[in-house]
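# Observations on the three-dimensional arrangement
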Amino acid sequence: MAKSRVFIGTGRRKTSIAQVKMVPGKGKITVNDVDVKAFFPYETNIMDLKQPLVATNTEETFDIEVKVNGGGFNGQTGAIRLGITRALLEYDQDNAEKEGSFRKILKAAGFITRDSRKKERKKPGLKAARRAPQFSKR
């Protein structure tokens, strides 16, 4: 029996890191050994992480297993989305230069670029990164 190929992608967003494994299957997504609908409390998070699959029309093609840690739900969702994108690029690397390739579709949708925005550090003398204490004249 031939072993099916595993496609791996790592995604990062804010302080979250996601390791994504994709194997040919029926479209089942598990996050930290739990179904995706049980792991994420909001439907928008699930829609957000499925965006690369919807764009490339591969929702029912792969079973996806994710290990994610760090951050909150939105950061984890962004990390998983980038991990899925990178795994799809690994799957379709032979067609990278052709017209209907996953790379061109995902690049046009803006999924390939890592979102590098993080929380800015607190500065001395301020209440937050830029929020100064209220001014009092007297």
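Below, the structure is looked at part by part. (Residues numbered from 1 in each chain as written. Predicted model: local features only at pLDDT ≥ 70, side-chain atom pairs only at ≥ 80, totals over all residues. Heavy atoms only, no water.)

## A short note on the nonpolar core
- M22, V31, I64, V66, I80, I84 and L88 are the most contacted members of the largest nonpolar core, which has 25 residues in total.
- For this core, the elements supplying multiple residues, two or more each, are β2 (16–24), β3 (29–31), α2 (43–55), β5 (62–69), α3 (73–91) and α4 (102–109).
- The element contributing the most residues to this core is α3, with six residues.
- The contacts of V66, once residues within four sequence positions are left out, are A18, Q19, V20, T30, V31, N32 and I80. (Core = buried A, V, L, I, M, F, W, Y, C linked by side-chain atoms within 4.5 Å. Buried < 20%, exposed > 50% of the residue type's maximum accessible area, 1.4 Å probe, protein only. Helix = DSSP H or I, 4+ residues; strand = E, 2+ residues; numbered from the N terminus. Contact = heavy atoms within 4.5 Å.)

## Comments concerning the environment of P24
- Following the sequence through the fold, P24 ends up in strand β2.
- For the pair formed by P24 and E60, sequence separation is 36 residues and the distance between their alpha carbons is 9.1 Å.

## Focus on the packing of α3 against α4
- With their axes 9 Å apart at the nearest point, α3 and α4 run at an angle of 155° to one another. As far as their axial angle goes, α4 and α3 are roughly antiparallel. Note on element contacts: α4 touches α3 through F102, R103 and L106, opposite T85, L88, L89 and Y91.
- Across the contact of α3 with α4, the residue classes break down as five nonpolar, one polar and one charged. (Axes fitted to C-alpha atoms, helices over the stretch in contact; angles between N-to-C directions. Parallel < 35°, antiparallel > 145°, perpendicular 65-115°, else oblique. Nonpolar A, V, L, I, M, F, W, Y, C, P; charged D, E, K, R; others polar.)

## A look at the packing of aromatic side chains
- The full count for this structure, using the stated rule, is six aromatic pairs.
- Joined through ring pairs, the aromatic side chains of F7, F62, Y91 and F102 make up one cluster. (Phe/Tyr/Trp six-rings, centres within 6.5 Å; stacked < 30°, edge-to-face > 60°.)

## Things to note about the sheet that holds strand β4 (residues 34–35)
- Pairing is mixed across the open sheet formed by five strands, whose spatial order is β1-β2-β5-β3-β4. Strands at the two margins of the open sheet, each flanked by one partner only, are β1 (7–13) and β4.
- Relative to β5, β2 runs antiparallel, the two being bridged by eight bridges. When the sheet's bridge partners are listed, I17 is paired in β5 with N69.
- α3 contacts β1, β2, β3 and β5 of the sheet and is inclined by roughly 150° relative to β1. (Pairing = 2+ DSSP bridges.)

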